[in-house]
Amino acid sequence: MAFFETDDGGHVHFEHHRGEKIPVVLIHGWGMSGEYWASAVEAVQAEGFGAIVVDHRGCGRSDRDFPDMSIGAIAADVAAIVRQCGVSRIVLNGWSLGAAVAVAAADLLREQVAGIILTCGASPRYVQGEDFPHGGTAEDVLGIGAAITSDRPNFFRTLAEGACGEGASEALIAWVERGFLGSGPRASETLAGLATLDQRELLSSFPFPILCIGGAKDTIADPAIAGFAAKCASKGTLLTLDTGHSPQLEAPTLYNDALLEFMRKIA
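This structure is a prediction, so every number in the text was calculated from the model and none was measured.

**Some words on unusual backbone geometry**
In the segment running from S123 into P124, the intervening peptide bond is cis, with an omega of 15°. Note that P124 resides in the loop between β6 (113–119) and α4 (138–142). Of note in this structure, R110 is not a glycine but carries a positive phi near 35°. Relative to the assigned elements, R110 resides in the loop between α3 (97–109) and β6. We classify R110 as partly exposed; its relative accessible area is 27%.

In C-alpha cells, the structure reads:
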C-alpha cells in the first residue's frame, strides 16, 4: 500500500502487487475503489503476473479535495504511478468509467502499453452523439449530481442494485453500495466528464490488442458500446458475458479466466 503525491498536493492511494510477469493496472469504476478488484488480483498473482491497483481521486483511500477531479487528471495519476512503480510494460484494465481513464492513460504511456481491457466500459463514448446511437443522453449524466445531493442513500442503493446485475445477492449489493456511499462529495464532477467524452479517434490509433468485455444484461453501460469499441480499435476483440455491469464481481471465475487468457497472450 502506498500513496502517490500529485503536483497539486493531493494523495492518491495505490497498491503494487509484484510478480515475475507483466502487471495489469486495474482501474475501478466511478464511485468504487480498488478493493472491488480483489478477486482479479488474486487470480493474476496466482499465475505470476503483477497488479497495480489505483483508487481514483475522491474514492477509496485517496484524498477527497482535489481541485481537478476530471477523467484526464485521474489518467495522469495512473500514468505517474506506473512510472513510479518502475515497470517497463503494462496491461491497462478499466471498468466502467475506469475504461475511459484507461484509454486516456494509454495515450500518456504509449510505448509501455502492451494491451488494454475495457470492462463494461464507458469508452469510446458513454452517451449518444453524431454517428453514435448508443448509451443514454448527456442531460441524464449531468443530472446525476443533483440526484445524489437530493437523496444520497436511496440513489446509491438503487445504483448498487443496477451495478450488481439481475439476481445478485444482498451481500454483493451491500458491498457495492458501501463503495458508492464512501465516495467523496465531489465525485460527481468526474462522472460529468462522460457527457462530452469522445475517444473514438484515440482508441482507433492504438496499435496494441484491446479486449472489450460487455455484459449482456448491463443496464448501466449499453452493451452495444463494447461492440462499437471492438470495431473502433485496430486490434479489438469483443467478449460478451452473461452478466450485468460488474462481471468481475458477479462471475469472478468466468471473468478471471478471460483476463488471464488475455494476459497470457500478451506475456
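**Examining the pairing of strand β2 (residues 11–17)**
In regular strands, side chains alternate between the two faces of the sheet. By the bridge criterion, four bridges tie strand β1 (residues 2–5) to β2 in an arrangement that is antiparallel. Residue pairing for β2: E5 is matched across the bridge by H11. Pairing analysis gives four bridges linking β2 to strand β4 (residues 49–54), with the strands arranged antiparallel. From the neighbouring strand, F14 faces β4, where its bridge partner is V54.

**Side note on the environment of D198**
Position of D198 relative to the elements: it lies in the loop between α8 (187–192) and α9 (200–205). For the pair formed by D198 and P124, sequence separation is 74 residues and the distance between their alpha carbons is 5.6 Å. Residue contacts for D198: discarding those within four places in its chain leaves P124 and R125. In terms of polar contacts, D198 uses its side chain to reach the side chain of R125, at 3.3 Å. Separated by 2.7 Å, the side chains of D198 and R200 make a polar contact.

Rules used in this analysis
Residues numbered from 1 in each chain as written. Predicted model: local features only at pLDDT ≥ 70, side-chain atom pairs only at ≥ 80, totals over all residues. Heavy atoms only, no water. Helix = DSSP H or I, 4+ residues; strand = E, 2+ residues; numbered from the N terminus. Buried < 20%, exposed > 50% of the residue type's maximum accessible area, 1.4 Å probe, protein only. Pairing = 2+ DSSP bridges. Contact = heavy atoms within 4.5 Å. Polar contact = N/O pair within 3.5 Å; in protein donor to acceptor, adjacent residues only side chain to side chain.

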